[in-house]
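# Close look at the chain arrangement
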Amino acid sequence: SIKYEIVIVIIGIYIMFTENAYYWMKSVLDNDTCNKIIDLGLSKVPKTATTKGNLHKKTEKTLSLEDKTLEDIGYSDHLFDIGEKKDYHIRDSEVSWLNNDWLYDKIIPLLNEANYKAGWKFNIDSFEQFQFTKYNSPGGFYGWHNDSAGDHYSVYKRFIPGVIPYDEKGNIPSGYVTDKNLVNKVRKLSVTINLCDKHEYEGGNLKFDFVPHSEKERFHECVEIRPKGSMIVFPSFIHHQVTPVTKGTRYSLVLWACGRPFK
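Here, residues in each chain are numbered from 1, in the same order as that chain's written sequence. Where local features are concerned, this predicted model is filtered to residues with pLDDT of at least 70; where side-chain atom pairs are given and counted, the filter is 80 or more; whole-chain, interface and lining totals use all residues. Each side-chain value is worked out from all heavy atoms of the structure, with water and hydrogens disregarded.

## Some points on the overall build of the protein chain
Selection rule: Every helix listed is a DSSP run of H or I at least four residues long, and every strand listed is a run of E at least two residues long, numbered separately from the N terminus. In this scheme, a residue with accessible area under 20% of its type's maximum is buried, one over 50% is exposed, and one in between is partly exposed, where area comes from a 1.4 Å probe on protein chains only. Contacts between residues were defined by any pair of non-hydrogen atoms, one from each residue, lying within 4.5 Å. Using a 1.4 Å probe, the Shrake-Rupley method yields the accessible areas, and only the shown protein chains count as cover for residues.
Counting its regular elements, the protein chain contains 5 helices and 16 strands. Counting across all 263 residues of the protein chain, residues that qualify as buried make up 51%. When contacts within the protein chain are restricted to residue pairs at least 6 apart in sequence, those whose partners lie at least 24 apart make up 85%. Taken as a whole, the protein chain presents about 13,100 Å² of accessible surface, with 50% of it coming from carbon and sulfur.

What follows is the structure, encoded as structure tokens:
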């Protein structure tokens, strides 16, 4: 896990010298648009869409709400090695995938604005499908993770049927894509949009870990995007989680912006 320790140090250094670890916009989607996305996302959620995946694929055992955050132990124990020591799963949610043109037309200009105004100015040239996510109570959550390290080891590889085997569930294996525009690309910016009113659920906040090397407060719970239709953009290599939903249901829309690895 030396590679991951190096990534964590780099993240800490990056956060020390950048003005914005994330960029948010309040209520950029109106109520009707949010409801339209929820209806569309729910219509595509299969009955077996609950994702209780484990980074180590060892178990789907459910933990208590207190265990699920796991923020008081080091990353080398939690994110990378804990699968050898303790049963857990990294997320509990329902998902579907959306690729409607009107969604890209609405979100990409906002993402580009954030990329520029935050001062990152990352080279972005492709986008994945939107992920619609439903977090049920009690306990829907997504544990600590990053969306990409952003280095050349993290690039998407081309999936070739008949040459690359499917995984044990019959899906394209992780790290492979069929979209030629994503081959040799990495996730650079992550977007999350809150689709429901802040009073419709409790818990379920996006939470960042800026690592010990940061001059900022290490753990930051992002309540800025709780108003319906609010959007947040952040570098995909920053560690984050969705805290357990304790009441109601949280709906969100996620998009990843991709480009060539960082140099």
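## Brief notes about the pairing of strand β14 (residues 239-242)
The condition is simple: Here, any two strands with at least 2 DSSP bridges between them count as paired.
Side chains of β14 alternate between two faces, with His239 and Gln241 and His240 and Val242 buried alike. Note that strand β6 (residues 141-145) and β14 share 2 bridges and pair antiparallel. Paired with Tyr142 across the two strands is Val242, which belongs to β14. Both strand β11 (residues 206-209) and β14 contribute to a ladder of 4 bridges, which runs antiparallel. Looking at β14, one finds that Phe208 is bridged to His240.

## Let's talk about empty space enclosed by the protein
Using the following cut-off: Any residue with an atom within 4 Å of a point lines the site, the site being either a cavity, points on a 1 Å grid over the protein atoms alone where a 1.4 Å probe fits but cannot get out, or a pocket, an open set with protein on both sides within 12 Å along at least 5 of 7 lines. Grid points are joined across faces, edges and corners, and a volume is the space filled by probe spheres set on the points.
Taken as a whole and judged by the stated rule, the model has 3 cavities of 30 Å³ or more. If you add up the space inside the largest cavity, you get close to 150 Å³. If you list the elements that add at least two residues to the lining of the largest cavity, you get β5 (130-135), β6, β14 and β16 (250-259). Ranked by residues supplied to the lining of the largest cavity, first place goes to β16 with 4 residues.

## Digging into the packing of aromatic side chains
Rules: Aromatic contacts are taken between Phe, Tyr and Trp rings whose centres are within 6.5 Å, Trp giving its six-membered ring; a plane angle under 30 degrees counts as stacked, one over 60 as edge-to-face, and the others as tilted.
The full count for this structure, using the stated rule, is 11 aromatic pairs. Taking the centre distance of 6.1 Å and the plane angle of 25 degrees together, the rings of Trp120 and Phe122 count as stacked. Accessibility expressed as a relative area gives 13% for Phe122, which makes it buried. Ring centres of Phe237 and Phe262 lie 6.0 Å apart, and the angle between their planes is 75 degrees; this geometry places the pair in the edge-to-face category. One end of the pair, Phe237, is in the loop between β13 (231-235) and β14; the other, Phe262, is in the segment after β16, with 25 residues separating them in the sequence. Through a chain of ring-to-ring contacts, the aromatic side chains of Tyr22, Phe208, Phe210 and Phe234 assemble into a single cluster.

## Some thoughts on the pattern of salt bridges
Defined as follows: Whenever a carboxyl oxygen of Asp or Glu lies within 4 Å of a side-chain nitrogen of Lys or Arg, that contact is scored as a salt bridge.
Considering all chains together, one arrives at 4 salt bridges under this definition. We note a salt bridge from Glu128 to Arg187, for which the minimum N-O separation is 2.7 Å. One end of the pair, Glu128, is in the loop between β4 (126-127) and β5; the other, Arg187, is in strand β9 (residues 186-194), with 59 residues separating them in the sequence. With respect to class, Glu128 is no different from Arg187; both count as buried. Across the pair Asp209 and Arg218 runs a salt bridge, and its minimum N-O distance is 2.9 Å. Relative accessible area serves as the criterion here: at 1%, Asp209 is assigned to the buried category.

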